[in-house]
Amino acid sequence: MAIEITDATFEEKVLKSDKPVMVDFWAAWCGPCRMVGPIIDEISQEYEGKALVGKLDVDANQEFAAKYGVRNIPTVLVFQNGELVGRQVGVAPKTTYAEALDNLL
């Protein structure tokens, strides 16, 4: 399962990570988010130990969603060394998310 990321833990878990980090910005009421969620969970298992994969609920945590210009959900952002290096807005196939991480490993 992907880890839960909040505004309070974002800096520690995402920006200070020594591994690539993928963050799924989602909300419980969002239909397309429910389609992406299981894909993100699969990616988190497949990349365990190589990358960090998490989910951030935009209803409960708005600070970093606003900071990174997340206006539509689902939006998946990829970070490396504290820098935003990738963005996928909307639903995409699993391979799209996997390739985003593969390019950083």
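First things first, this report covers the structure right here in the doc.

About the cut-offs
Residues numbered from 1 in each chain as written. Predicted model: local features only at pLDDT ≥ 70, side-chain atom pairs only at ≥ 80, totals over all residues. Heavy atoms only, no water. Helix = DSSP H or I, 4+ residues; strand = E, 2+ residues; numbered from the N terminus. Buried < 20%, exposed > 50% of the residue type's maximum accessible area, 1.4 Å probe, protein only. Contact = heavy atoms within 4.5 Å. Lys, Arg positive; Asp, Glu negative; His and termini not counted. Charge placed at Lys NZ, Arg CZ, Asp CG, Glu CD. Salt bridge = Lys/Arg side-chain N within 4 Å of Asp/Glu carboxyl O.

### Quick look at the overall build of the chain
From N to C terminus, the chain includes 4 helices and 5 strands. The N-to-C order of helical and strand elements in the chain reads β-α-β-α-β-α-β-β-α. Principal axes of the C-alpha set define a box for the chain whose edges measure 30 × 30 × 20 Å. When each of the 105 residues of the chain is scored for burial, the buried share is 46%. At a minimum sequence separation of 6, the contacts of the chain that also span at least 24 residues come to 68%. Measuring between centres, the 10 positive side-chain charges of the chain sit 2 Å from its 16 negative side-chain charges.

### Description of the pattern of salt bridges
The full count for this structure, using the stated rule, is 4 salt bridges. Linking Asp41 and Lys55 is a salt bridge whose minimum nitrogen-to-oxygen distance equals 3.4 Å. With Asp41 in helix H2 (residues 31–46) and Lys55 in strand S3 (residues 52–57), this pair connects stretches of sequence that are 14 residues apart. Of the residues examined, Asp41 reaches a relative accessible area of 14% and is grouped as buried. For Lys55, a relative accessible area of 17% corresponds to the buried category. The closest approach of N and O atoms between Glu42 and Lys94, which form a salt bridge, is 2.8 Å. Placement of the pair is Glu42 in helix H2 and Lys94 in helix H4 (residues 94–102), with a sequence separation of 52 residues. Three or more residues are tied together by salt bridges with common partners; here these are Glu42, Glu46 and Lys94.

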